[in-house]
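What the coordinates show
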There are 4 protein chains.
Amino acid sequence: MKKSEKTNSIEQKAIKRAQILEAAVKAFSRHGYHSCTMNRVAKEAGVADGTLYLYVKGKEDLLVTAFSHVLGLLMERLDKEIKKLDNPVSKLRRLMELHFEVMENDPDLAGFLQFQLRQPDPAIRAAIRTPLVQYANRIEAIVEEGKEKGTFRKSIGTRAMRRVIFGSMDETVSAWWFRQDGNELMKKVAPLMEVILHGLLINDDKSRKSEH
Amino acid sequence: MKKSEKTNSIEQKAIKRAQILEAAVKAFSRHGYHSCTMNRVAKEAGVADGTLYLYVKGKEDLLVTAFSHVLGLLMERLDKEIKKLDNPVSKLRRLMELHFEVMENDPDLAGFLQFQLRQPDPAIRAAIRTPLVQYANRIEAIVEEGKEKGTFRKSIGTRAMRRVIFGSMDETVSAWWFRQDGNELMKKVAPLMEVILHGLLINDDKSRKSEH
Amino acid sequence: MKKSEKTNSIEQKAIKRAQILEAAVKAFSRHGYHSCTMNRVAKEAGVADGTLYLYVKGKEDLLVTAFSHVLGLLMERLDKEIKKLDNPVSKLRRLMELHFEVMENDPDLAGFLQFQLRQPDPAIRAAIRTPLVQYANRIEAIVEEGKEKGTFRKSIGTRAMRRVIFGSMDETVSAWWFRQDGNELMKKVAPLMEVILHGLLINDDKSRKSEH
Amino acid sequence: MKKSEKTNSIEQKAIKRAQILEAAVKAFSRHGYHSCTMNRVAKEAGVADGTLYLYVKGKEDLLVTAFSHVLGLLMERLDKEIKKLDNPVSKLRRLMELHFEVMENDPDLAGFLQFQLRQPDPAIRAAIRTPLVQYANRIEAIVEEGKEKGTFRKSIGTRAMRRVIFGSMDETVSAWWFRQDGNELMKKVAPLMEVILHGLLINDDKSRKSEH
DNA sequence: TATGAATGAGTGTTCATTCAT
DNA sequence: AATGAATGAACACTCATTCAT
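Residues numbered from 1 in each chain as written. Chains lettered and ligands numbered in written order. Predicted model: local features only at pLDDT ≥ 70, side-chain atom pairs only at ≥ 80, totals over all residues. Heavy atoms only, no water.

Contact residues are listed per partner, giving 47 residues for chain D and 47 residues for chain C. For the chain D face of the interface with chain C, the top three residues by lost area are Arg-163, His-198 and Leu-200 of chain D, together amounting to 16%. At the boundary of chain D with chain C, the tally comes to two salt bridges. Residue Arg-153 of chain C pairs with Glu-194 of chain D through a salt bridge whose shortest N-O separation is 2.8 Å. One can count three residue pairs in polar contact (both at pLDDT 80 or more) joining chain D with chain C. Looking at the side of chain D that touches chain C element by element, the count peaks at 14 residues for helix H8 (residues 158-179) of chain D. Class assignment for the residues of the side of chain D that touches chain C results in 21 nonpolar, 13 polar and 13 charged. (Contact = heavy atoms within 4.5 Å. Buried area = accessible area lost by both parts, 1.4 Å probe. Salt bridge = Lys/Arg side-chain N within 4 Å of Asp/Glu carboxyl O. Polar contact = N/O pair within 3.5 Å; in protein donor to acceptor, adjacent residues only side chain to side chain. Helix = DSSP H or I, 4+ residues; strand = E, 2+ residues; numbered from the N terminus. Nonpolar A, V, L, I, M, F, W, Y, C, P; charged D, E, K, R; others polar.)

Glancing now at the packing of helix H4 (residues 59-83) of chain A against helix H7 (residues 122-148) of chain A. All names here are of chain A. Running from amino to carboxyl end, H4 crosses H7 at an angle of 10 degrees, the nearest separation of the two axes being 9 Å. On the basis of their axis angle, the class for H4 and H7 is roughly parallel. Contacts between H4 and H7 involve Glu-60, Leu-63, Val-64, Phe-67, Ser-68, Leu-71, Leu-74, Met-75, Leu-78, Asp-79 and Ile-82 from the first element and Ala-123, Ile-124, Ala-127, Ile-128, Pro-131, Leu-132, Gln-134, Tyr-135, Arg-138 and Ile-142 from the second. In terms of residue class, the contact of H4 with H7 is built from 16 nonpolar, two polar and three charged. (Axes fitted to C-alpha atoms, helices over the stretch in contact; angles between N-to-C directions. Parallel < 35°, antiparallel > 145°, perpendicular 65-115°, else oblique.)

What follows concerns the packing of aromatic side chains. Applying the stated criterion to the full structure yields 24 aromatic pairs over all chains. Aromatic pair Phe-115 of chain D and Phe-178 of chain D: ring centres 5.2 Å apart, planes at 55 degrees, arrangement tilted. With a gap of 63 residues between them, Phe-115 of chain D in helix H6 (residues 107-116) and Phe-178 of chain D in helix H8 connect regions that are remote in the sequence. Overall, the relative accessible area of 3% leaves Phe-115 of chain D in the buried class. These aromatic residues form a ring-pair network of at least three members: Phe-28, Tyr-33 and Phe-112 of chain A. (Phe/Tyr/Trp six-rings, centres within 6.5 Å; stacked < 30°, edge-to-face > 60°. Buried < 20%, exposed > 50% of the residue type's maximum accessible area, 1.4 Å probe, protein only.)

The next point concerns the nonpolar core. If you look at the biggest cluster of nonpolar residues, it comprises 135 residues, and the most contacted ones within it are Phe-112 of chain A together with Phe-112 of chain B. Beyond its immediate stretch of four places on either side in the chain, Phe-112 of chain A contacts Val-25, Phe-28, Ser-29, Leu-63, Ala-66, Phe-67, Val-70 and Leu-117 of chain A. In this structure, Ala-23 of chain C together with Ala-24, Ala-42 and Val-56 of chain D belong to the second largest nonpolar core, which totals 134 residues. (Core = buried A, V, L, I, M, F, W, Y, C linked by side-chain atoms within 4.5 Å.)

Below, the discussion takes up helix H7 (residues 122-148) of chain C. All names here are of chain C. For H7, built from 27 residues, the straight-helix expectation of 39 Å at 1.5 Å per residue is met to within 8% by its first-to-last C-alpha distance of 36 Å. In H7, a bend of some 40 degrees at Arg-129 exceeds every other bend along the element, and Pro-131, a proline, comes one to four places later. Looking one or two places after H7, you find Gly-150, whose phi comes out positive at around 80 degrees. (Expected span 1.5 Å × (residues − 1). Bend = angle between axes of the 7 residues up to and from the residue.)

Around DNA strand E there are 29 residues in total, and Thr-51 of chain A, Met-38 of chain B, Lys-13 and Thr-51 of chain C together with Met-38 of chain D lie nearest to it. The sugar and phosphate moieties of DNA strand E supply 69% of its atoms located within 4 Å of the protein. Between DNA strand E and the protein, one listed contact pairs a base nitrogen with a backbone N or O atom of Gly-50 of chain A at 3.2 Å. One of the backbone N or O atoms of Met-38 of chain D is found 2.8 Å from a phosphate oxygen in DNA strand E. For the surface near DNA strand E, the secondary structure elements donating two or more residues are helix H3 (49-52) of chain A together with helix H1 (2-31) and helix H3 (49-52) of chain C. (Near = heavy atom within 4 Å.)

You'll often see interface size given as the accessible area lost when the parts meet. Facing the 49 residues of chain A at the interface are 48 residues of chain B. In this assembly, chain A packs against chain B so that about 4700 Å² is buried in total across both faces, 60% of it on carbon and sulfur atoms. Three residues stand out in chain A for area buried against chain B, namely Arg-163, His-198 and Leu-200 of chain A, and they jointly supply 16% of the buried area on that side. Between the two partners, chain A and chain B, sit three salt bridges. Linking chain A with chain B are three residue pairs in polar contact (both at pLDDT 80 or more), by the criterion used here. Examining the composition of the side of chain A that touches chain B, we find that 14 residues originate from one element, helix H8 (residues 158-179) of chain A, more than from any other.

Structural alignment of chain D on chain C gives an RMSD of 0.3 Å, achieved by rotating through 178 degrees and translating 0.0 Å along the axis. On this basis, the relationship between the two copies can be described by a two-fold rotation axis. Taken as a fraction of all interface residues of chain D, those also at the interface in chain C reach 98%, which identifies the copy contact as same-surface. (Least-squares fit on C-alpha atoms with pLDDT ≥ 70 in both.)

Listed below in structure tokens is the structure:
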């Protein structure tokens, strides 16, 4: 049963890897990346200090690898869910719901993504950039689709729209995380969509394109 | 002339204090809060290491104090400028222009506010919260005024509006800072205002209140 | 054919043992004893880390055992060659030639013997002492023979003579190894013998026993 | 008294520096360079760990700096003593006496010079090379002088002579240090000089230049 | 016998903070 | 008030060794 053994061993390794990366998310979130020692992560994962280095190159790599791991899981789910929908507004709402749902269900993950990841270190930012861009692309794809289908206004740049969307979600999650007041995050979807879709103004005459 | 001497001495002290706080902004921005040593701040300020501790309690306090200092200057200016204007849309645009202008003119300050300040350490975040709330209040005051005057829609919570506004600006500045592509930040004001005021949708019928 | 199998197995083991010891000499020489990891030795020998511990007790034991192994080979050859010769001067020259030849033909071995072995750790030095003394005995035996045959002066202690002989060779090999300037080591035999046999002085009157 | 204060401070610093370097010699000698922790050196010097780094760049630099320090002291004394003498044989004997005397009076220093310094690390060897060459030059200068004055034989290279001289002394000190049998090192001067000056052979006819 | 994943003790170095001057 | 030399706690990472397979 060599093959079965080998398969098992590979599975074991993948499981331990996930164990470590998820322990890192939790530990970094609770103590803060810089204040969190590798020893704490190891304890959280239930392995020895040295074992961490069999799976990642170092502390920085652990942060980045853990990020790719969890964002990968999120995007896999996102793609599957969004594929089912047919109009950009629904897609945008679903993206936002999913984003908030994930955060709400795992505050450690939320803390990790909102704060621990925002490291000023250029090396870290560069490493994080790639998966982050993929997420931004998901948003921009919806915006583009909306423009093509005539749902969203073509006069505004896709980038600007993406920034408003992502910036709003991001700020909302951050504010929610700090208050930690029960699980109300999902309730923010509707008002946020309201503002993003229709804007602040009453009796808005879109033919004007601008208020002056 | 005891009094004059004393006044002079107090002024001297205030000047050195500002010197130190601005040196901290610059040094933290360039090297990153955690990687920046107190010695570097001291050198930047032109004082000895120990002298810093005559003005702040420690490194963390230096970060927070420096933040209050620069945000105080910004808000002082903001209040003066906004007082002149009479409608909420102009006020909102002016706030955004000012925000972007300050960032654009002082990239060190921008890096400090956008990244160095976002420390995951709970103690730091708590300390930073107070001055930050004051800034949020400026935005919410404009939103409230807009609602009262019938310019902004009452159906959306002030908080949600504020989050979209601040989140959009914040995300825009962050993205700009990273690209560091010349001084184009001011050009983002119009498209951002466009989205925020009118929303993403074309032919928006505001009587519907929502897209479904 | 149990016996043949067993013999074969024993031979196999001896071969692997030699493999490991020679890999250790090479690896220690190239990376330095302290900087060389057991993993590197294992790789060099083509076995797994754990396998090393089936042949030696630990890293220190590996160093000492490897030394005994290579010095044993050298002395075996030395004895055979010297047996053929009949006068102490020839024997001394042959010893020196052999010493230099071995070093020259295997720079890894030379580096190992000249530097990696000179560990300050008392335990290591003590362990190395035994085989080293055997080599010293070869030199002293030649000196003694020379004294008995009336070739060398009896007035000087055998130990002192041995120290001059061994110290000179050792210093010469070290200097050569550092310069690594082609294979000129054999050319040092003649001048070295010249000094050792006749001394530095011109017109030496041996009846004086000393220069004053 | 500004000047006096400053002078005093500089003196203090030089004293502490010497304290640290001499503590390093002692600590490295007793525990072995690699096994000796910086903490041990600090304790030996009576300072905190961090203080060491105010005087040297790191552990490796400490080794090299300590070596330069002690060899500098030795050579200063050597030059002064040798200047008084007029013939190369006396100079050679004085050099050897001094070498042995210094080692004998400070076994820690001897252990440091004989073993701790012989690190295989190329960086260390390169750093140590410069002061070591200076010492070699002292020996070669005496040899050259001896050749010019017609005392030493011109037919043998200066380098070869130096290697015999230095190698013999080195080997003698090493052997002595291991036995640690009282303070007999000085007694080795005469027999060593005997061999080096007159060679091993009885009835040596220098006109032959070689034994065959 | 052989493997190699897992272990965890051990250490050079940094740097915020203090305090004698 | 100002200095800056001294402090010493804290930590990421390595690697010899073990042991279940």
